[in-house]
Amino acid sequence: MRTEAFLFGGVAAFFGGCAVLYGVWSHADPAGTAALIVACLMAAVISFFCATHYRRKGLRPQDRGDAEVADGAGPLEFFPPESRWPLVVAAGFAVAATGVVFGLWLFLIGVGVLGAGLFAMVFQYAGRDSGRVD
């Protein structure tokens, strides 16, 4: 994952540099500058994830030149079997987006449902290592 972290770090640096230059040279276009900043941040998030994953788990068999095919065998990660929380997140987002049109009260309800759904989805399997799974 170290190579991927450097790759996406370079992409983030490129978009960051482009955003600075574009922001200076185009005085009347804040939309393009914002799009370049968002592209920089998205690449930076992926780079941060890859670097963190590399620090936690080390080299993968794909990264080593002396690795055998059998080194990559076995369970890869935990993949959740089922979850109802993505549906709650989608419903909360839909209500919040509808609230933009119909009023602040509906938007706040949607944000509450969206926040609760995101919190539950992120922490749904947090206790799986200790034997507790909801």
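The preceding data block contains the structure.
The present account deals with the structure reproduced in this document.

What counts, and at which threshold
- Residues numbered from 1 in each chain as written.
- Predicted model: local features only at pLDDT ≥ 70, side-chain atom pairs only at ≥ 80, totals over all residues.
- Heavy atoms only, no water.
- Axes fitted to C-alpha atoms, helices over the stretch in contact; angles between N-to-C directions.
- Helix = DSSP H or I, 4+ residues; strand = E, 2+ residues; numbered from the N terminus.
- Parallel < 35°, antiparallel > 145°, perpendicular 65-115°, else oblique.
- Left-handed = near helix turned anticlockwise from the far one by under 90°.
- Nonpolar A, V, L, I, M, F, W, Y, C, P; charged D, E, K, R; others polar.
- Buried < 20%, exposed > 50% of the residue type's maximum accessible area, 1.4 Å probe, protein only.
- Phe/Tyr/Trp six-rings, centres within 6.5 Å; stacked < 30°, edge-to-face > 60°.
- Expected span 1.5 Å × (residues − 1).
- Contact = heavy atoms within 4.5 Å.

The next thing to look at is the packing of helix H3 (residues 85–102) against helix H4 (residues 104–122). Across the interface, H3 lies against H4 with an axial gap of 7 Å and an inter-helix angle of 160°. Here H3 is positioned roughly antiparallel relative to H4, judged by the angle of their axes. For the element pair H3 and H4, the recorded crossing hand is left-handed. Residue composition of the contact of H3 with H4, grouped by class: 20 nonpolar, five polar and no charged.

Moving on to the environment of Phe 14. Note on placement: Phe 14 falls in helix H1 (residues 2–25). For Phe 14, a relative accessible area of 51% corresponds to the exposed category. Spatially, the C-alpha atoms of Phe 14 and Ala 43 are 9.8 Å apart, while their sequence positions differ by 29 residues.

Let us now look at the packing of aromatic side chains. In the structure shown here, the tally under the stated rule is two aromatic pairs. Consider the rings of Phe 119 and Phe 123, whose centres lie 4.9 Å apart with planes at 55°: the pair is tilted. By relative accessible area, which is 56% here, Phe 119 ends up exposed. Assessed through its relative accessible area of 48%, Phe 123 is described here as partly exposed.

Next up on the list: H1. Its 24 residues give H1 an end-to-end C-alpha distance of 34 Å, which sits within 8% of 34 Å, the value for a rise of 1.5 Å per residue. Of the positions making up H1, those classed as buried are Ala 5, Ala 12, Gly 16 and Ala 19. For H1, the secondary structure elements touched by its buried residues are helix H2 (30–57).

What follows is about the packing of H1 against H2. As a packed pair, H1 and H2 sit with axes 8 Å apart at the nearest point and diverge in direction by 160°. Taken together, the axis directions place H1 and H2 in an arrangement best described as roughly antiparallel. The two elements H1 and H2 cross, and the hand of that crossing is left-handed.

Geometry only, nothing functional implied.
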